[in-house]
Amino acid sequence: MKLRTYSISTRERDQMVEVTDQVREAVRDSGVQDGYAIVYCPHTTAGIAINENADPDVVRDVLRRLDEIYPWKHPKDRHAEGNTAAHMKAIQTGTNQIVLIQDGRPVLGTWQGVYFCEFDGPRTRRFHVKTIEG
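Rules and cut-offs
- Residues numbered from 1 in each chain as written.
- Predicted model: local features only at pLDDT ≥ 70, side-chain atom pairs only at ≥ 80, totals over all residues.
- Heavy atoms only, no water.
- Helix = DSSP H or I, 4+ residues; strand = E, 2+ residues; numbered from the N terminus.
- Rg over C-alpha atoms; globule rule 2.2 N^0.38 Å.
- Buried < 20%, exposed > 50% of the residue type's maximum accessible area, 1.4 Å probe, protein only.
- Phe/Tyr/Trp six-rings, centres within 6.5 Å; stacked < 30°, edge-to-face > 60°.
- Polar contact = N/O pair within 3.5 Å; in protein donor to acceptor, adjacent residues only side chain to side chain.
- Contact = heavy atoms within 4.5 Å.

## A short note on the overall build of the chain
Looking only at helices and strands, the chain has three helices and eight strands in total. Shown N-terminal to C-terminal, the secondary structure of the chain runs as helices and strands in the order β-β-α-β-β-α-α-β-β-β-β. Relative to a compact globule of 134 residues, whose C-alpha radius of gyration would be 14 Å, the chain shows 16 Å and is just as compact. Taken along the three principal axes of its C-alpha coordinates, the chain extends 50 × 30 × 25 Å. The buried share among the 134 residues of the chain stands at 41%.

What follows is the structure, given as C-alpha cells:
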C-alpha cells in the first residue's frame, strides 16, 4: 500500500480539473499490478468525480447544472461563510472514487477521466491517491 499526495491550484470558484495523469503516475510508481486506487479529497467544499474527458462541454454542462440545483445565494442559507452551495455540491460529488488497477494501470473507460472538483475556489488544495494490492 502506498499513499501519494498531490497539490492542485484552482483558478475559478467552480472548476473541474482533470487529474487522471496524477492517478496513473501514483499507480505506476506504487508497483501495484492488480488491486485498486482510492482517490480522496480531504476538503468539505471540493470532491472527486469520474466522468467524460473527451468533450469539454460535458464539464461546462455539469458545473452549470450543479449551479442550477445549488445556487450560490439562497435566502434560507445560514452558514456564516456564505458557501453552503459549495458544501452541497461536494456532498453531491463525494469525497472519493475507487479506480480498479489491472496490469499496473488504472481501469478507466475510453472516455473517462478522474476530476478534482473545486466548488469554493480559487484555492490551493490537495488530494490523495492510495494504491492497494489485491
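## Focus on the packing of aromatic side chains
Each aromatic ring pair is summarised here by two numbers: the centre-to-centre distance and the angle between the ring planes. Under the criterion given, the structure shown has two aromatic pairs. Residues Tyr6 and Phe127 carry aromatic rings whose centres are separated by 5.3 Å and whose planes lie at 20 degrees to one another, so their mutual orientation is stacked. Of this pair, Tyr6 sits in strand S1 (residues 2–9) while Phe127 sits in strand S8 (residues 124–133), and the two are 121 residues apart along the sequence. Look at Phe116 and Phe127: their rings are 6.2 Å apart centre to centre, the planes differ by 40 degrees, and that puts the pair in the tilted class. Separated by 11 residues along the polypeptide, Phe116 in strand S7 (residues 112–118) and Phe127 in strand S8 bring together distant segments of the chain. Phe127 shares its class with Phe116; the two are buried. An aromatic cluster is defined as three or more aromatic residues linked by ring pairs; in this entry it consists of Tyr6, Phe116 and Phe127.

## Things to note about the side chain of Asp14
With respect to the helices and strands, Asp14 occurs in the loop between S1 and strand S2 (15–18). Among the polar contacts made by the side chain of Asp14, one reaches the side chain of Lys89 at a distance of 3.1 Å. What Asp14 contacts, discounting residues up to four positions off in sequence, is Leu63, Asp67, Lys89, Glu118 and Phe119.

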